[in-house]
Amino acid sequence: QMFRSRVLPGRVGRRGGRRLATVAVGVSGGVDSSVAALLLKRQGHDVVGVHMSNWDHAEEGTDGECAEREREDARRVCERLGI
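Since this is a predicted model, take the numbers as computed values, not measurements. (Residues numbered from 1 in each chain as written. Predicted model: local features only at pLDDT ≥ 70, side-chain atom pairs only at ≥ 80, totals over all residues. Heavy atoms only, no water.)

A. Main features of the overall build of the chain. Along the chain, the regular secondary structure elements total 3 helices and 4 strands. When the elements of the chain are put in sequence order from the N terminus, they spell out β-β-β-α-β-α-α. Per-residue burial for the chain yields a buried fraction of 20% across its 83 residues. Within the chain, contacts between residues at least 6 apart in sequence are counted, and of these 49% link residues at least 24 apart. Here the chain displays about 6300 Å² of accessible surface, and carbon together with sulfur accounts for 51% of that area. (Helix = DSSP H or I, 4+ residues; strand = E, 2+ residues; numbered from the N terminus. Buried < 20%, exposed > 50% of the residue type's maximum accessible area, 1.4 Å probe, protein only. Contact = heavy atoms within 4.5 Å. Areas by Shrake-Rupley, 256 points an atom, 1.4 Å probe, with all protein chains shown as cover.)

Printed below as a string of structure tokens:
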């Protein structure tokens, strides 16, 4: 098993006798991360959406418009999925 989930105290659920975990999903607002979050949520996991920008727009000489669109897309996805 490549990835192992960590069950956090106080956030444990059960489904079919199986322990469920709190899972952080990197949400870009795109299809892949959105579907991953949806599938985990459907499995009964407590899903937390995380979005981050890893660059300085002033340093890069950009206006940040693209990053703002990505951030807004990610926010809408999380809102729609209830995460």
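Picking up where we left off.
B. Examining a nonpolar patch on the surface more closely. A cluster of nonpolar side chains, Val31, Val35 and Leu39, forms an exposed patch at the surface whose accessible area comes to about 270 Å². Take Val31: it is sitting in helix 1 (residues 31–42). (Patch = residues over 30% accessible without salt bridge, like charges linked within 9 Å, V, L, I, M, F, W, Y side chains within 5 Å. Salt bridge = Lys/Arg side-chain N within 4 Å of Asp/Glu carboxyl O.)

C. Looking closely at the pattern of salt bridges. Counted under the stated rule, the structure contains 6 salt bridges. Arg69 is paired through a salt bridge with Glu65; the nearest N and O atoms lie 3.1 Å apart. Of this pair, Arg69 and Glu65 both sit in helix 3 (residues 65–81), 4 residues apart, roughly one helical turn. Judged by its relative accessible area of 46%, Arg69 falls in the partly exposed class. Look at Glu65 and you get partly exposed, because its relative accessible area is 47%. Notably, a salt bridge pairs Glu72 with Arg75, separated by 2.5 Å at the nearest N-O pair. Taken together, the residues span about one helical turn, with Glu72 and Arg75 both in helix 3 at a distance of 3 residues. Judged by relative accessible area, which is 40%, Arg75 ranks as partly exposed.

D. Representation of the side chain of Ser34 within the structure. Along the chain, Ser34 falls in helix 1. The buried category is assigned to Ser34, whose relative accessible area is 15%. When sequence neighbours within four positions are dropped, the list of residues in contact with Ser34 reads Gly29, Val77 and Leu81.

E. The arrangement of the environment of Ala37 in detail. Considering the arrangement of structural elements, one finds Ala37 in helix 1. Sequence separation between Ala37 and Ile83 is 46 residues; the distance between their C-alpha atoms is 8.6 Å. Residues in contact with Ala37, not counting those within four places in the same chain, are Val25, Val47, Leu81 and Ile83.

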